[in-house]
Structure formats: C-alpha cells, structure tokens
Amino acid sequence: MTSKADEALGYEQARDELIEVVRRLEAGGTTLEESLALWERGEELAKVCRRWLDGARARLDAALAEEEAKSEDGGGDDDSE
C-alpha cells in the first residue's frame, strides 16, 4: 500500500531513494528486520517509479496518436504550393 507521501514523490526523488535503498541492501551489514524494511521500501519506491513511467508513456502515446490523426486528416495539404 502506497502512502500519500509516496504519491507526492516525483520520479527523480523516488528513483534516487530507490538507488540508495539498493545500495544499502547490497552493502549488507543490516539486521534481518532492517533488510526487510529496506526491501519493502524499495518495492514501494519501484511502484512510484512505475506509475510515473506508465503515465509518461500514456502521455506520449496520446500525443503521437493526436499527431497521427492530424496527419491523416490533412493528408493532401503538403502537396499544395
């Protein structure tokens, strides 16, 4: 479950925190409880990043579809002088 604070994170903030979580997990030296907490935090941050990326992809797809529709509607315009 994602918290309201996580929902307010920007992509870059979530990505940077996720990188730090992974670094800490890879470094080791944490207790089992700390490792589990880090893992759970990483999962939440990954979800935040995925939502941002999915949203960006949807916006790009919509913009490309709009441009394609405009091109099809005015298909013969570029032949005129």
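Here the residue numbering is sequential within each chain, running from 1 through the sequence in written order. Per-residue local features are limited, in this predicted model, to residues with pLDDT of at least 70; the limit for side-chain atom pairs, both in listing and counting, is 80 or more; totals at the level of whole chains, interfaces and linings are taken over all residues. Side-chain numbers come from the whole structure's heavy atoms, not from hydrogens or water.

Novice: I'd like to hear about the pattern of salt bridges, residue by residue, with values.
Specialist: Each salt bridge in this description consists of a side-chain nitrogen of Lys or Arg and a carboxyl oxygen of Asp or Glu lying within 4 Å of one another. Evaluated as defined, the whole model comprises six salt bridges. With a closest N to O distance of 2.8 Å, Glu17 and Arg41 form a salt bridge. Of this pair, Glu17 sits in helix H2 (residues 11-27) while Arg41 sits in helix H3 (residues 32-73); the two residues are 24 residues apart in sequence, bridging distant segments of the chain. Judged by relative accessible area, Arg41 falls into the partly exposed class, the value being 25%. Across the salt bridge formed by Lys70 and Glu66, the nearest N and O atoms sit 3.5 Å from each other. Here Lys70 pairs with Glu66, and both are found in helix H3, just four residues apart, close to one helical turn. Only protein chains enter the area calculation, which uses a 1.4 Å probe; residues under 20% of their type maximum are buried, those over 50% are exposed, and those in between are partly exposed. Overall, the relative accessible area of 48% leaves Lys70 in the partly exposed class. Helix numbers and strand numbers start at the N terminus; a helix is a DSSP run of H or I with at least 4 residues, a strand a run of E with at least 2.

Novice: Requested: an account of the environment of Asp16, with residues and values cited.
Specialist: Mapped onto the fold, Asp16 is located in helix H2. Judged by its relative accessible area of 42%, Asp16 is partly exposed. We call two N or O atoms a polar contact when they sit within 3.5 Å, provided that within protein one can donate a hydrogen and the other can accept it, with sequence-adjacent residues counted only if both atoms are side-chain atoms. For Asp16, the side chain forms a polar contact with the side chain of Arg15, separated by 3.1 Å.

Novice: How would you sum up the packing of H2 against H3? Please name residues and give values.
Specialist: In contact at an axis separation of 9 Å, H2 and H3 are set at 150 degrees when each is read in the N-to-C sense. Judged by the angle between their axes, H2 and H3 are roughly antiparallel. For the crossing formed where H2 meets H3, the hand is left-handed. Residues Tyr11, Ala14, Arg15, Glu17, Leu18, Val21, Arg24 and Leu25 of H2 lie in contact with H3, whose contacting residues are Ser35, Leu38, Trp39, Arg41, Gly42, Leu45, Ala46, Val48, Cys49, Trp52 and Leu53. The angle between two axes is taken between their N-to-C directions and runs from 0 to 180 degrees, where each axis is a line fitted to C-alpha atoms and a helix contributes only its stretch in contact. Convention used here: angles under 35 degrees read as roughly parallel, angles over 145 as roughly antiparallel, angles from 65 to 115 as roughly perpendicular, and any remaining angle as oblique. Should the near helix be turned anticlockwise from the far one by less than a right angle, the crossing is termed left-handed; should it be turned clockwise, right-handed. The contact rule is simple, with two residues in contact once any of their heavy atoms fall within 4.5 Å.

Novice: Give me the lowdown on H3, citing residues and values where you can.
Specialist: One less than the number of residues in a helix, times 1.5 Å, gives the span that helix is expected to have. Between its first and last C-alpha, H3 extends 61 Å over 42 residues, near the 62 Å set by a 1.5 Å rise per residue. Within H3, burial applies to Leu38, Gly42, Glu44, Leu45, Val48 and Cys49. Summarising the contacts, the buried residues of H3 are in contact with helix H1 (4-8) and H2.

Novice: Give a detailed account of H2, specifying residues and quantitative values.
Specialist: The end-to-end C-alpha distance of H2 is 24 Å, a good match for the 24 Å that 17 residues give at a rise of 1.5 Å each. Just beyond H2, the residue with positive phi is Gly28, at close to 75 degrees.

Novice: Just give me the short version of the confidence of the model for the protein, but keep the residues and values in it.
Specialist: When the pLDDT values of the protein are averaged, the result is 90; 89% of them are 70 or greater. Per residue, pLDDT measures the predictor's confidence, with a range of 0 to 100. Taken element by element, the predicted model of the protein shows its lowest mean pLDDT in H1 (77) and its highest in H2 (98).

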